[in-house]
Amino acid sequence: MAVVFMVMTLAGGQVPIPPRHAGFVYRCGHNNAPIHFDLYIDLTCSDSLVAFPTVRKVADHYGPDKLRLTTFLFALPYHRNAYATTKVTGAHAVDIITRGNLTYTWFATVFNNIASLTDSATRNLTDIDVLNRLVSLASAIGVPDVQFRQQIVSNLVSSLARNGWKYACTHPVFTFLEKRNKRADTSSQFEEKNERTKKREKR
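Residues numbered from 1 in each chain as written. Predicted model: local features only at pLDDT ≥ 70, side-chain atom pairs only at ≥ 80, totals over all residues. Heavy atoms only, no water.

Engineer: Explanation requested: the pattern of salt bridges in the structure shown.
Structural biologist: Working definition: two side chains of opposite charge can pair if their charged atoms are close together. By the definition in use, this model includes 1 salt bridge. Taking the shortest distance from any N to any O, the salt bridge between arginine 27 and aspartate 60 comes out at 3.0 Å. Here arginine 27 is found in the loop between strand E1 (24–25) and strand E2 (35–41), whereas its partner aspartate 60 is found in helix H2 (residues 46–62), with 33 residues between them in sequence. In this structure arginine 27 comes out as partly exposed when scored by relative accessible area, which is 42%. Residue classification places aspartate 60 among the partly exposed residues on the basis of a relative accessible area of 38%. (Salt bridge = Lys/Arg side-chain N within 4 Å of Asp/Glu carboxyl O. Helix = DSSP H or I, 4+ residues; strand = E, 2+ residues; numbered from the N terminus. Buried < 20%, exposed > 50% of the residue type's maximum accessible area, 1.4 Å probe, protein only.)

Engineer: Before we go on, may I ask you to explain the sheet that holds E1 in this structure?
Structural biologist: Hydrogen bonds between backbone atoms are what pair the strands of a sheet, whose relative direction is either parallel or antiparallel. With mixed pairing, 3 strands are arranged side by side in an open sheet as E1-E3-E2. At either margin of the open sheet sits one strand with a lone partner, and together these are E1 and E2. For E2 and strand E3 (residues 67–73), the ladder comprises 7 bridges, and the chain directions are parallel. The residue bridging aspartate 38 from the neighbouring strand is threonine 70, located in E3. (Pairing = 2+ DSSP bridges.)

Engineer: Quick question: what am I supposed to make of the nonpolar core here?
Structural biologist: As a rule of thumb, nonpolar side chains are buried together in soluble globular proteins. Formed by 32 residues in total, the largest nonpolar core has its most connected members in Leu43, Phe52, Leu69, Trp106, Phe107 and Phe148. Of all elements in the fold, only E2, H2, E3, helix H3 (87–97), helix H4 (103–112), helix H5 (127–140) and helix H6 (145–152) reach the threshold of two or more residues within this core. (Core = buried A, V, L, I, M, F, W, Y, C linked by side-chain atoms within 4.5 Å.)

Engineer: Just checking my understanding: could you explain H5 for this structure?
Structural biologist: In a regular helix each residue adds 1.5 Å, so 14 residues correspond to 20 Å; H5 covers 20 Å between its end C-alpha atoms and thus fits that length. Buried within H5 are the following residues: Val130, Leu131, Leu134, Val135, Leu137 and Ala138. Within H5, the buried residues cover an arc of 160° as seen down the axis, which keeps them to one side. Facing away from the buried side of H5 by over 90 degrees, the exposed positions are Ile128 and Ala140. Glycine 142 occupies a position one or two residues after H5 and carries a positive phi of about 100°. (Expected span 1.5 Å × (residues − 1). Arc of directions from axis to C-beta.)

Engineer: Explain unusual backbone geometry to me, please; I cannot follow it from the model alone.
Structural biologist: Leaving glycine aside, a negative phi is the common case for residues, and trans is the common case for peptide bonds. For cysteine 28, which is not glycine, the phi dihedral falls at a positive 55°. Take cysteine 28: it is sitting in the loop between E1 and E2. In this model, arginine 99 sits at a positive phi of 55°, which is unusual for a non-glycine residue. Structurally, the position occupied by arginine 99 is in the loop between H3 and H4. On the basis of relative accessibility, which here comes to 77%, the residue arginine 99 falls in the exposed class.

Engineer: I'm lost on the environment of asparagine 32 in this one. Help?
Structural biologist: As for its position among the elements, asparagine 32 is in the loop between E1 and E2. Residue class for asparagine 32 comes out exposed when judged on its relative accessible area of 66%. Along the sequence, asparagine 32 and lysine 66 sit 34 residues apart, while their C-alpha atoms lie 8.4 Å from each other.

Engineer: Would you mind going over the pairing of E3 with me for this structure?
Structural biologist: Residues in a regular strand point their side chains to alternate faces of the sheet. Burial analysis of E3 places 7 of its 7 residues in the buried class, which makes it a mostly covered element. Residues of E3 alternate between two faces, with Leu67, Leu69, Thr71 and Leu73 on one and Arg68, Thr70 and Phe72 on the opposite face, all of them buried. In this sheet, E3 lies alongside E1 in antiparallel orientation, the contact comprising 2 bridges. Bridge pairing in E3 places valine 25 opposite threonine 70. Regarding the hand of the β-α-β motif, the stretch spanning E2, H2 and E3 is right-handed. (Right-handed = clockwise from strand over helix to strand, strands pointing away.)

Written as structure tokens, this is what we have:
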């Protein structure tokens, strides 16, 4: 009896298995593509706004046979609307409703309207007000209002959003900005070393 109880307890405490793999694959990129490009973005992040169209152009240039682009949404805690007001789950809602056909269109649409979704632009708005803005954006790309509202509060979408965020947390991310700063630091260190060498030569 004790053994049976223990097994049931362990089974009940297991982490639920996600219904699908985390991330959104662009243009049905092939699993056997020689290049796999994982992109981690926040739809209210200005750096993500700059990086997204460039990465998308690279994927379009090589095509899904050569490059498999998978985008992971990683909501940053210092952006109010990144997760709390369902932008991440909004992406999952669009993905489910359109079967992945308009997911990247949704990303681009949110980025194009990022000015109306920043912390300063929504400081005096409630979460419902921001949700209504997202509903309007979804409607603009052809996603029915009613379906979007239903999906965005569903248990499935909530689970997908949480699991996707946890997945992103387990993967180290090296940003374009960090690479740029590293190159700048390296260049600065080289110049300092060069100056010290010149001073020694003068002596």
